[in-house]
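# Analysis of the macromolecular model
So the chains spell out like this:
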Amino acid sequence: MRIGHDLTVRVPAPYEEPVGRAWLDTQDRHLGHYVNGKWLKPEHRNSVPCRDPITGENLASCPQAQAEDVAAAVEAARTAWENWSGLPGASRAQYLTRLAKMIQKHQRLLWTLESLVTGRAVREVRDRDIPLAQQLLQWHAVQAYTQEETLAGWEPMGVIGLILSPTFSFLEMMWRICPALAVGCTVVVLVPPGSPTPLLLAQLAGELGSFPGILNVINGPASLGPILASQPGVQKVTFCGAVEEGRVLRRTLAGQGAELGLALGAESLLVLTEAADVDSAVEGVVDAAWSDRSAGGLRLLIQESVWDETMRRLQERMARLRGGRGLDGAVDMGARGAAAHDLAQRYVREAQSQGAQVFQAGDVPSVSPFFPPTLVSDLPPASPCTQAEVPWPVVVASPFRTAKEALAVANGTPRGGSASVWSERLGQALELGYGLRVGTVWINAHGLRHPEVPTGGCKESGSSWHGGPDGLYEYLRPSGTPARLPSLSENLNYDTFGLAVPLTLPSGPEIGPSPAAPYGLFIGGRFQAPGARSSRCIQDSKGNLQAYVAEGGAKDIRGAVEAAHQAAPGWVSQPPGARASLLWALASALERRESAFTSALERHGVELKTAKVEVELSARRLRAWGARAQAQGHLLQVAELRGPVLRLREPLGVLAIVCPDEWPLLAFASLLAAALAHGNAVVLVPSGVCPIPALEVCQDMATLLPAGLVNVVTGDRDHLTRCLALHQDVQALWYFGSAQGSQFVEWASAGNLKPVWVNRGRPRAWDQEAQGAGPELGLRAARTKALWLPMGD
Amino acid sequence: MGGRIPTRGSRRGQRARGQRARGQRAGGGGQRARGAEGPGAEVAGPAPRGTGAGRARRSRGGGTQEGLGGGELGVEEPATAAVARAMSARNLGTELDLSWISKIQVNQPAVLRRAEQIQARRMVKKEWQAAWLLKAVTFIDLTTLSGDDTSSNVQRLCYKAKYPIREDLLKALNVHDKGLTTAAVCVYPARVCDAVKALKAAGSTIPVASVATGFPAGQTHLKTRLEEIRLAVEDGATEIDVVINRTLVLTGQWEGSDFIKTSTGKETVNATFPVAIVMLRAIRDFFWKTGNKIGFKPAGGIRSAKDSLAWLSLIKEELGDEWLTPELFRIGASTLLSDIERQIYHHVTGRYAAYHDLPMS
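All residue numbers refer to positions counted from 1 along the written sequence of the respective chain. Naming scheme: in the order in which they are written, chains are lettered from A and ligands are numbered from 1. Reporting of local features is limited, given that this is a predicted model, to residues whose pLDDT is at least 70; pairs of side-chain atoms are given and counted only at 80 or more, and all residues count toward the totals for whole chains, interfaces and linings. As a rule here, side-chain values cover all heavy atoms of the structure and leave hydrogens and water aside.

### Some thoughts on the sheet that holds strand E16 (residues 418-422) of chain A
Residues and elements named next belong to chain A. Strands are labelled as partners when DSSP assigns at least two bridges between them. Helix and strand assignments come from DSSP, with helices taken as H or I runs of at least 4 residues and strands as E runs of at least 2, each series counted from the N terminus. Strand order in the open sheet made by the ten strands is E13-E14-E15-E12-E11-E16-E17-E30-E24-E23, with mixed pairing throughout. Here the strands that pair on one side only, and so sit at the sheet edges, are strand E13 (357-360) and strand E23 (634-637). Across the sheet, the mean angle from the axis of one strand to that of its neighbour is 20°, orientation sign disregarded. Of the pairings in the sheet, the one linking E23 to strand E24 (residues 644-651) comprises four bridges and is antiparallel in character. Bridge pairing links Leu 635 to Leu 646 in E24. Two residues form a contact once any of their heavy atoms are found within 4.5 Å. Every axis in this analysis is a line fitted to C-alpha atoms, fitted for helices over the stretch in contact. Angles between the N-to-C directions lie between 0 and 180 degrees. Sheet contacts for helix H17 (residues 426-435): strand E11 (268-272), E16, strand E17 (440-443), E24 and strand E30 (782-788); angle to E30, the most-contacted strand, approximately 150°.

### Side note on the UniProt feature "domain: Aldehyde dehydrogenase" (unreviewed entry) in chain A
Sequence positions flagged by UniProt for "domain: Aldehyde dehydrogenase" (unreviewed entry) are, in local numbering, residues 39-477 and 535-759 of chain A. A distance of 32 Å separates the end C-alpha atoms of residues 39-477 of chain A, which is 42% helix and 19% strand. UniProt positions are given in the numbering used here, feature names are shortened, and annotations may be inferred rather than shown by experiment.

### Description of the packing of aromatic side chains
Residues and elements named next belong to chain A. Aromatic pairs are defined between Phe, Tyr and Trp rings, using the six-membered ring for Trp, whenever the two ring centres lie within 6.5 Å; interplanar angles under 30 degrees are classed as stacked, those over 60 as edge-to-face, and all others as tilted. For the coordinates displayed, the defined rule picks out 20 aromatic pairs over all chains. Ring geometry for Tyr 95 and Phe 211: centres 5.5 Å apart, planes at 75°, overall edge-to-face. Residue Tyr 95 is located in helix H4 (residues 89-105), and its partner Phe 211 is located in the loop between helix H9 (196-206) and strand E8 (215-219); the two are separated by 116 residues in the primary sequence. For every residue, the accessible area obtained with a 1.4 Å probe (protein chains only) is divided by the maximum for its type, and the residue is called buried under 20%, exposed over 50%, and partly exposed between those limits. The buried category is assigned to Tyr 95, whose relative accessible area is 3%. Their ring planes at 80° and their centres at 5.2 Å tell us that Phe 736 and Trp 757 sit as a pair that is edge-to-face. Of this pair, Phe 736 sits in the loop between strand E28 (732-735) and helix H26 (739-748) while Trp 757 sits in strand E29 (residues 756-758), and the two are 21 residues apart along the sequence. Each member of the pair, Phe 736 as well as Trp 757, carries the same accessibility label: buried. In this scheme, Lys NZ or Arg CZ marks a charge over a ring once it lies within 6 Å of the ring centre and within 35 degrees of the ring normal. One Lys or Arg, Arg 623, reaches over the ring of Trp 584 and ends 5.6 Å from the middle of that ring.

### Let's talk about the pattern of salt bridges
Any Lys or Arg side-chain nitrogen found within 4 Å of a carboxyl oxygen on Asp or Glu counts as a salt bridge. Counted under the stated rule, the structure contains 69 salt bridges over all chains. Across the salt bridge formed by Arg 317 of chain A and Glu 317 of chain B, the nearest N and O atoms sit 3.3 Å from each other. With Arg 317 of chain A in helix H13 (residues 307-319) and Glu 317 of chain B in helix H12 (residues 305-318), the pair connects residues from two separate chains. Glu 317 of chain B matches Arg 317 of chain A in its accessibility class, with the two residues each being buried. In this structure, Arg 322 of chain A and Asp 363 of chain A form a salt bridge, with 3.8 Å as the shortest nitrogen-oxygen distance. Of this pair, Arg 322 of chain A sits in the loop between H13 and helix H14 (337-353) while Asp 363 of chain A sits in the loop between E13 and strand E14 (374-377), and the two are 41 residues apart along the sequence. Overlapping salt bridges bring together Asp 279, Glu 283, Glu 309, Arg 313 and Arg 317 of chain A together with Arg 114, Arg 281, Arg 284, Asp 285, Glu 317 and Glu 318 of chain B as one network.

Right, here's the structure in full:
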C-alpha cells in the first residue's frame, strides 16, 4: 500500500462487470436478432465477433443479417403496426412508462454491458445515458397520452427503419425510437454487428409481453440500408452516421418508398469570447471533446485577446485528464476501438504535416486503442484539415478578432450541428447565438440535452430532428395523406435528366391579336431578358398561342439565386409584423386585379366560377400566412435547467420552389406565402402549362416587395429543376412535378444535403385547407434552432 | 476565518459567496504572514487597515508530518525541505491591483454544473479508496469549537490527532510505522494551552491552530482582536485562523493571507463545491501571476468519508497534486475522522464497525 503522490496520480477503480458477461452467457455468447418479441438466430449466416474494444477479447458472435432477416423484421413491424397505431395514446403511454421502469430495474446490466462493448467511461453511461433514456421514455409517454388532443390532424407514418452507424451509442437509438413508438409507429433498427445494447433493450421491451414486434433490432452492415428502405410498408428511414455515408444513402434511396431523415457528423463548435468565464469554458471544451459525453471532435474559436491565457488553461487541464478502460470508474475518457484511434491518428498526422502545432497530454495509456486528449492549433486556414471533420478526441483551436469574424468563420463550414457560445455579455452572447447557422446553441454551457428540447441540424449535418415537438413530427404525417409507395424509375439517367436546353422553334402562325411582348424573367425585382435570348410560347386550352415567356437556363438560375441571397438578410431582419403587412398588401393587389387573373385562368380552360374561387383563395392564403408569421417559435422550460430554452424557427435561406402544373395561381400563392412568411428568399419556377398568372403577380411584387426577395424563372421545368437541385447554395427545394423529376431531385440533393420536399408525381388538393395551407407547409418552410439560456448570477 | 458570509437561505448565500470569492482572486496587497521566523516569533499581525483573510501561520518546522518521512507517504518530505518550501511558498503579497478583480468572470450555472460533475467523477474503490482516505486524514484540522470545551475533551482530541486510526487497522494496511497523524488540532484561543500541553505529553509536534479575532463573527475591535492573536501565539498556537473584517471586504479593501477558508464552519451554509471551485481558480490565477501558493481550507459540513474524497479530487482536478499537501490544503472537521476510521475498519475487516469498536475523539 502506498499513500502519496503515486496513488494520486494513478487511481484505477476497477468496476465489476460480471452482470454484462452473464447476460451474454444467457445467449450462449451467440447473439441473434430480436424480432417480433423473440430471438431470431438464423442458421448459415456470416458471423462477426463482438469484441471488447480495449483488450480485443471476443465477447460474443453476431450473425450478419441477410435480406430475408430484414424482410422478417419489417413484416413483424408491419403486423404490429396495425394494432399499435390504432391504440389510444393512453395505452401507448402506459407501455412506454413500463419500459422506463424496466430499464430502471436493469440499469446495472445496461451500463456495464454498454461500457464493456463500447469502451466508453462507465460513469457517463451510468450517470447520464441511462437516466436520460428513462427520461426520454417518460417524456414521450406524456406526449403519447395527449396525442389525440395536441397532435390532432396528424397520423403515424407506419414502419420506421432506423440505421445506426458504429460511432453512435444506444442513446441515439432511444432518441429516435421513443417519439416513433409514442406517436404509433413501429420500428426496425439496423445496428452494426457487435453492439448488443440495442438488442438488450429490444429484449427488455419484448419481455413486457403485450406488443411484440413494435421494436425489432437486427445486426447487419449499413449496406443493408437500401434493402430495409425498399421493404413494403417502410415509410421512413432515419440514418445516423458519417456525412459521406449519408450522401451515398441519399442517392441510393432516391425514388424509393421511404422518406429519408439524416443526422450526420458529430463535430461540435465552441466560441470562446474575451468576455467569457475562461475556466468554465475550458470545462466546456472537456465536455465537448475530452470526455465520453460527445461522439465527435471540437472546433474551438478563441478570441485573440484571450488566446494565450486560454491555451495555458487548456493545456493545464489536459494534463489532469485520465484515460483508461471504460469500466474503470475513475476515467474521464475510455477508448472506442481501433477504428476510432486510427481516424484520430490520421487526422493529427495530416494536421501536423500541414503545419499545425499538436499538443497532447493527460494520463492515458500509450497503446492503441487509447488516444490522448489532443489540441491542434495554428492550422493554416486553407489546409484540408480545416475543412475536414474533426474526430474525437481532438480539438482544433483557431483565433478570431471580433464577434462578426467568429460568425463568419463558424458559418463557413459545411457543418451545422451544435455550438456553444461563452460570453458573460448578454448582448454579445445572443448576437452570436442567433447568428450561428446550427441546430443547437448553448450559451455558457456545452452538451446539455433534454427530451423536451429538439436536437437536429442544418446544412450537411442533415435535417432530421429528435426530441421535443420536432422529434414527434418526424414520424407523423397529415391525416389522410396516402402511404408512400416507391416511384422508382430504374432507367432514369441522372447524368442527362434535364440536361438539354430545349430548342425553341417557331410554332406556327400567330393567329388572332398579336400577343404582348414576351414576359421576361423576374429576377432581382425586375423583368429581365433570359440569357439564352429565346422565348417559349404558351398555348391556351384551345391550342392557340397565348403568350411568349422567357426560356430560362442555368445562368438565369445562377442570377436568381444570387439575387435571392442578397435580399435574404434584409428580409430576415424584418420584424414578422412587417412581413405580414407586405403579404397583406400583395393579397390586396391580387384582389384589385381579380378580373385579369380570372380571365388568364379562363383562357386555360378553368371555369369562371372556379377561377374566381382560385383568385379569392390565393389572396386568402397570402393573408393567412401573413398572420401566422407573427406566431413563430416558442419557449421551453426544462426541468433541470434554471432559465429558458428558446425554440426558434429560422428561415431556411434561399428556398427554391418548382410549382405544380395544377392550380397555377393558387399553388404558386400558397407556396410563396408560406415561404415568405417564414423569412425565406425564394426562387420559383411557375406552372409549366400556365405560367401567366404567376408572372402577373410578379408585376405587383415588383412594386411591393424588396428587390430579389422573390424571383420567378420560366422555361423548361426539367432543365430548371436540374439547375436548382444541383445548386450548392440553394438551401432547400420543394418540387411538385413528375415522379421522375422527384427522383432526380432526391438524388441531386445529396450534393449539399439540402432538405427536399417532393410530390412524386401526385397531385395535391391545393384548394383544401389541409393540403394547401396546413401546418405541414409551415413545418417545412423553416428550420428549428434550440437556444439554451441557463441563468444564474 | 476566511470570510463569513451573510447568508440566510442558500440562494442569497451563494451570491454573497460568489462576490467574496471573486474578490479573493485579487490576492490582496496587505501584509500578512506565514511566519517562517522560527518558534517563538510573533505572528506578523493583521494589516493596519483590517484583518488578514484566512490563516496566518508560523513555521511548523516540518512538524505536521513528524515521522512521515521516507518517501512512501506522499506528504513525506524531510523537515528541512518542508521549511524551505514553507518559506518559498510564503505569500509576500503584491501591490493591490483591483483590475484583477474587475476582469474576473464567473458563470454561476457553469460552475454549478462543474461542481455536480466533480462529485461524481472519481470513484475510487478498494485499496485505492483506503489509501485516499488515509491521505485525507493527513489534511484534517481536527477541530473542537464548542462553548463547553474543557481541558479533558481537548486532551482527548489531541490524542486522537496523534493516533487518528486504530493501530491494528494501520498494521493491517502496513502503514503503522508511517506516523500518520492529522494535520493539526484546532481549538478556541482559551484552549490553546490545554492543547499544547496535551500534545507535548503525547510526545507529538502536531501544530495547534487557533481561531482568533472574535470568532466566528469577527465583529470586535481591532485592538482586542490583535491582542487575541498575540495571546494565542503566546500560549503556543502556531497557526491562526483569522476572521476577516467583512465590512472592509464589502467596501473593497482587501487583504492577503497564506490560506483562505470557505467559511467559519459556523454558518447555515458552509463549505460548498461551487464556492470552492471559484476560490481554487482564484488561487491558481494568483499563483500564475505572482508565484505564491495560497493554501485552501474548506470548513464546516464535511462529515463523511465520501465527502472528503470528493474534496480531494476537487483539489486534484482544479489545482493538481502539488496542492495535495498539508502545507496547502486542510479540511476543517470534527466528525469526519470517525467516519473515515469506520470506512477503513470496513475495508480491513469486511465488516461494519459498531459504535464502540472505534475510540472516540
